[in-house]
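The residues making up each chain are set out below.
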Amino acid sequence: MRCPFCGNIDTQVKDSRPAEDHVSIRRRRFCPACGGRFTTYERVQLRDLVVIKTSGRREDFDRDKLERSIRIALQKRPIDPERVDQMISGIVRRLESLGETDIQSKQIGEIVMETLARIDTVAYVRFASVYKNFQAADDFDKFVSELRPGLQSEK
Ligand SMILES: [Zn+2]
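Remember, it's a predicted structure, so these values are computed and weren't measured experimentally. (Residues numbered from 1 in each chain as written. Predicted model: local features only at pLDDT ≥ 70, side-chain atom pairs only at ≥ 80, totals over all residues. Heavy atoms only, no water.)

Participant: If you had to explain the sheet that holds strand β5 (residues 58–60) to someone new, which residues and values would you point to?
Facilitator: If you walk across this open sheet you meet the three strands as β5-β4-β6, and the pairing is mixed. Each edge of the sheet is formed by a strand with only one pairing partner; in this case those strands are β5 and β6 (102–104). Looking at each pair of strands side by side, their axes are set apart by 35° on average, direction ignored. Of the strand pairs in this sheet, strand β4 (residues 50–52) and β6 are connected by three bridges, and their pairing is parallel. Directly across from I52, in β6, lies its bridge partner Q104. (Pairing = 2+ DSSP bridges. Helix = DSSP H or I, 4+ residues; strand = E, 2+ residues; numbered from the N terminus. Axes fitted to C-alpha atoms, helices over the stretch in contact; angles between N-to-C directions.)

Participant: Report on the packing of aromatic side chains, specifying residues and quantitative values.
Facilitator: By the definition in use, this model includes one aromatic pair. Taken together, a centroid distance of 6.5 Å and an interplanar angle of 75° make the contact between F5 and F38 edge-to-face. Taken together, the positions of F5 in the segment before β1 (12–18) and F38 in strand β3 (residues 37–43) put the pair 33 residues apart, joining distant regions of the chain. (Phe/Tyr/Trp six-rings, centres within 6.5 Å; stacked < 30°, edge-to-face > 60°.)

Participant: Provide a residue-level description of the pattern of salt bridges, including the pertinent values.
Facilitator: Under the criterion given, the structure shown has eight salt bridges. Residue E59 pairs with K53 through a salt bridge whose shortest N-O separation is 3.7 Å. By relative accessible area, K53 is classed as buried at 5%. Among the ionic pairs, R58 bridges to D102, the shortest N-O distance being 3.1 Å. Note that R58 is positioned in strand β5 and D102 in strand β6, a separation of 44 residues in sequence. (Salt bridge = Lys/Arg side-chain N within 4 Å of Asp/Glu carboxyl O. Buried < 20%, exposed > 50% of the residue type's maximum accessible area, 1.4 Å probe, protein only.)

Participant: Outline the packing of helix α1 (residues 63–73) against helix α2 (residues 81–96), listing residues and values.
Facilitator: Interaxial distance between α1 and α2 falls to 11 Å at its minimum, and their mutual angle equals 130°. The orientation of α1 with respect to α2, classified from their angle, is oblique. Our pair here, α1 against α2, has a crossing hand that is right-handed. Mapping the contact onto sequence places R63, L66, E67, I70 and R71 in α1 and V84, D85, M87, I88, S89, I91 and V92 in α2. (Parallel < 35°, antiparallel > 145°, perpendicular 65-115°, else oblique. Left-handed = near helix turned anticlockwise from the far one by under 90°. Contact = heavy atoms within 4.5 Å.)

Participant: Can you break down the nonpolar core residue by residue, with the values?
Facilitator: Judged by nonpolar contacts, the single largest core of 25 residues is most densely connected at L66, I70 and L116. Of all the secondary structure elements, the ones that give two or more residues to this core are α1, α2, α3 (105–119) and α4 (121–134). Among residues more than four places away in sequence, those in contact with L116 are I70, A73, L74, M87, A123, Y124 and F127. (Core = buried A, V, L, I, M, F, W, Y, C linked by side-chain atoms within 4.5 Å.)

Participant: Quick one: what's the story with the coordination of the zinc ion, residue by residue and with numbers?
Facilitator: With distances of 2.3 Å, the protein atoms coordinating the zinc ion are C3 (SG), C6 (SG), C31 (SG) and C34 (SG). All donors to the zinc ion come from one chain, and their sequence spacing reads C-x2-C-x24-C-x2-C. Of the two residues, C6 sits in the segment before β1 while C31 sits in the loop between β2 (24–30) and β3, which places them 25 residues apart along the sequence. Owing to a relative accessible area of 0%, C31 belongs among the buried residues under this scheme. (Donors = N, O, S within 2.8 Å, 3.2 Å for Na, K, Ca; no water.)

Participant: A description of α2 should follow, citing residues and the corresponding values.
Facilitator: Helix length check: α2 (16 residues) gives 23 Å between terminal C-alpha atoms against 22 Å at 1.5 Å per residue, within 8%. Burial in α2 covers these residues: V84, M87, I88, I91, V92, L95 and E96. Structurally, α2 contributes buried residues whose contacts are with α1, β6 and α3. (Expected span 1.5 Å × (residues − 1).)

The values are spatial; any link to function lies outside them.
Put into structure tokens, the structure is as follows:
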């Protein structure tokens with residue numbers, strides 16, 4: 001962080017603590033070049049995430065697609081829809097908190113599996129069995145359509 005007094009870029013953090021609103025971190029900084037002291041606030045930025053496919057292709061993260069695949073895996077399972085919403089929000093927050101704008105599609109699949117495993121074993125197995133066969137493939141829509149026939153055959 002550049003010193004606002006002398007422009008030196010090599011400033012030091014003396015103290016970090018949550019701000020009163022608890023949605024930001026307050027940092028006291030010190031500039032060794034001029035002795036200046038200043039404060040910065042760091043906030044979570046809800047960024048636009050980019051998914052990196054196994055092919056290397058980039059695509060904007062689409063929450064709806066994620067939601068669709070999870071809802072299909074949870075079809076006919078006794079899970080409260082509100083709980084599903086919370087779960088999806090939780091996954092998105094986890095993706096955002098990875099600290100990178102670029103996320104490997106594989107990483108998303110793993111986080112989804114981990115979350116489903118905690119909530120519903122049947123849904124986890126549904127998702128994982130399709131996902132594991134799918135790692136070489138690339139298209140999430142195709143992934144969702146492959147997940148669907150598997151469910152229909154269980155009827
Ligand atoms: Zn300075």
